[in-house]
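Reading the structure
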Amino acid sequence: MNPVRRRLLAWVAITSSSLLASPLFADEPDSNDAATHSRSVVQSGATLKLVGDSYQFTEGPIADDDGNVYFTDQPNDRIVRYDAATGQLADWMSPCGRSNGLDFIAPNQLIACADANNELWSIDLRDQSHKVLIDSVDGRRFGGPNDCWVDTNGAIYFTDPLYKRPYWKHEIPADNPRGVYRLSKEGTLTQVADDLVQPNGIIGDPENRQLWIADIGDKKTYRYDIAEDGSLANRKLFCEMGSDGMTLDQEGNLYLTGGAGVTVFDAGGNQLETIAVPKGWTANVTFGGKGHQELFITAQDSVYTIPMRVSGLR
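All residue numbers here refer to positions counted from 1 along the written sequence of the relevant chain. Per-residue local features of the predicted model are confined to residues with pLDDT of at least 70, and side-chain atom pairs are confined, for both listing and counting, to 80 or more; whole-chain, interface and lining totals are unaffected and use all residues. Where side-chain values are given, they derive from all heavy atoms of the structure, hydrogens and water being excluded.

**Notes on the overall build of the protein chain**
Threshold: Only DSSP runs of H or I with at least four residues qualify as helices, and only runs of E with at least two residues qualify as strands; both kinds are numbered from the N terminus onward. Buried means the residue's accessible area, taken with a 1.4 Å probe over protein chains only, is under 20% of the maximum for its type, while exposed means over 50%, and partly exposed covers the values in between. For this analysis, residues touch if any pair of their heavy atoms sits within 4.5 Å. Residue burial considers only the protein chains on display, and all accessible areas are found by Shrake-Rupley using a 1.4 Å probe.
Within the protein chain, the secondary structure is distributed over two helices and 26 strands. Looking at the protein chain as a whole, 55% of its 314 residues qualify as buried. Counting contacts in the protein chain only where the partners sit at least 6 residues apart, residues at least 24 apart contribute 49% of the total. About 13600 Å² of surface is accessible on the protein chain, with carbon and sulfur atoms providing 47% of the total.

**Topic: empty space enclosed by the protein**
Counted only if it meets this: With a 1 Å grid spanning the protein atoms alone, the term cavity applies to any set of points in which a 1.4 Å probe fits but cannot get out, the term pocket to an open set with protein on both sides within 12 Å along at least five of seven lines, and the term lining residue to any residue with an atom within 4 Å of a point. Grid points are joined across faces, edges and corners, and a volume is the space filled by probe spheres set on the points. Each residue is assigned to one class: nonpolar for Ala, Val, Leu, Ile, Met, Phe, Trp, Tyr, Cys and Pro, charged for Asp, Glu, Lys and Arg, and polar for all the others, Gly among them.
For the structure on display, the rule yields two cavities of 30 Å³ or more. What lines the largest cavity is a set of 16 residues, and nearest its centre among them are Pro61, Ile62, Leu102, Asp147 and Met246. When contributions to the lining of the largest cavity are tallied by element, the ones reaching two or more residues are strand 2 (58–63), strand 6 (99–106), strand 16 (199–204), strand 20 (246–248) and strand 24 (284–288). Its residues placed into classes, the lining of the largest cavity shows eight nonpolar, five polar and three charged.

**So, the pattern of salt bridges**
The condition that has to hold: The salt bridge definition used is simple: a Lys or Arg side-chain nitrogen within 4 Å of an Asp or Glu carboxyl oxygen.
This model, assessed by the stated rule, comprises twelve salt bridges. With its nearest N and O atoms 3.4 Å apart, the salt bridge here joins Asp195 to Arg235. One end of the pair, Asp195, is in the loop between strand 15 (189–193) and strand 16; the other, Arg235, is in strand 19 (residues 232–239), and 40 residues separate them in sequence. It is possible to trace a salt-bridge network through shared partners that takes in Asp73, Arg78 and Asp91.

**Observations concerning the packing of aromatic side chains**
Counted only if it meets this: Pairing of aromatic side chains requires ring centres within 6.5 Å, counting the rings of Phe and Tyr and the six-membered ring of Trp. Pairs whose planes differ by under 30 degrees are stacked, by over 60 edge-to-face, and all others tilted. Charge over a ring is defined by NZ of Lys or CZ of Arg lying within 6 Å of the ring centre and within 35 degrees of the ring normal.
Tallied over the entire structure, the rule returns eleven aromatic pairs. Centre to centre, the rings of Tyr70 and Trp92 are 5.3 Å apart; their planes meet at 80 degrees, and the pair counts as edge-to-face. Here Trp92 lies in strand 5 (residues 89–93) and Tyr70 lies in strand 3 (residues 69–73), a separation of 22 residues in the sequence. Residue classification places Trp92 among the buried positions, given a relative accessible area of 14%. Ring geometry for Phe238 and Phe265: centres 6.1 Å apart, planes at 65 degrees, overall edge-to-face. With Phe238 in strand 19 and Phe265 in strand 22 (residues 261–265), this residue pair connects regions lying 27 residues apart in the sequence. The pair formed by Phe238 and Phe265 is uniform in burial state, with each residue classed as buried. Taken together, the ring pairs in this structure connect Tyr55, Phe71, Tyr82 and Phe296 into an aromatic cluster. The lysine or arginine in question, Arg98, covers the ring of Tyr167, its NZ or CZ lying 4.0 Å from the ring centre. Sitting over the face of the ring of Tyr222, Arg235 holds its NZ or CZ atom 3.9 Å from the ring centroid.

**Focus: the confidence of the model for the protein chain**
Put simply, the rule is: The pLDDT score gives, residue by residue, the confidence of the prediction method on a 0 to 100 scale.
Looking at the protein chain as a whole, its pLDDT mean stands at 89, while 88% of the residues score no less than 70. Note on residues 8–36: pLDDT is under 50 here. Beyond four places in sequence and across chains, it has 19 contacts.

**A few points about the sheet that holds strand 6**
Put simply, the rule is: Here, any two strands with at least 2 DSSP bridges between them count as paired. Each axis is a line fitted through C-alpha atoms, and for a helix only the stretch in contact is used; angles between axes span 0 to 180 degrees, taken between their N-to-C directions.
The strand order 6-7-8-9 describes an open sheet built from four strands, whose pairing is antiparallel. The two strands at the open ends of the sheet, each matched to only one other strand, are strand 6 and strand 9 (130–134). The average angle at which neighbouring strand axes cross in this sheet is 30 degrees, direction not considered. In this structure, strand 7 (residues 109–114) lies alongside strand 8 (residues 119–124), joined through six bridges in antiparallel fashion. Each residue of the ladder has a partner; that of Leu110, found in strand 8, is Ile123.

As structure tokens, this is what we get:
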């Protein structure tokens, strides 16, 4: 099954059961809501497990239907695969265009923010061949696609901040515009946000209704409505925290990354808890493993997992 389709079916099942279990009209908060929010998202008694530390800077994790996770070690120009059944790690692709953020657009096709030449790639999992989808906007090179999310129609939303890389053989001006873009399935590029200081992490819900974008340069995360034409509207401040990467769980909680570890917010933007990570900087996060009930965390030169009470949508 297409990973994007799987996430949509999971979300529909979850939201449908939630509606059946909760009163549509209530004068007082449901006591079950308070009980749910008082429970940790982490499985009771679970602890963080180090599964790998032979990297330079890990990023961009994304899981396939079986819970196997692909993530990047950008300075070493490689994509690594975590086997959900064995817990083993193995280099999967190198070189990989200095890939950063990843997402699935089909069961055998990854989208990669390939930072070596400021491009957006499509990678075939069967033979590791790649195609450059786009590399410029309005006649200028991108600042460096950083993170991406694919909606259920196959449109790709990606952030384009500017982090100057020591391996670049080209020069990007310091005032290069930062932005967020949408590449349609037909190949049409549109800019959907141009007023963020340094856009970074990005994710949307499986029904293509809402999109979260972290402005790490302004220490804020915003939530947008996605219009029928794919444009963004009704920007609202979600929380006073930026993020490098992000993911969603089945309860609609949003997971943000940064210096403290992984910080979890409920759908209303209320902070629930922080999962501390010893490395001091957590770059990105996704759900993988059996049943997508294992939180997979990339943190500088290491990767960690922790069993969760909830399962993920990514």
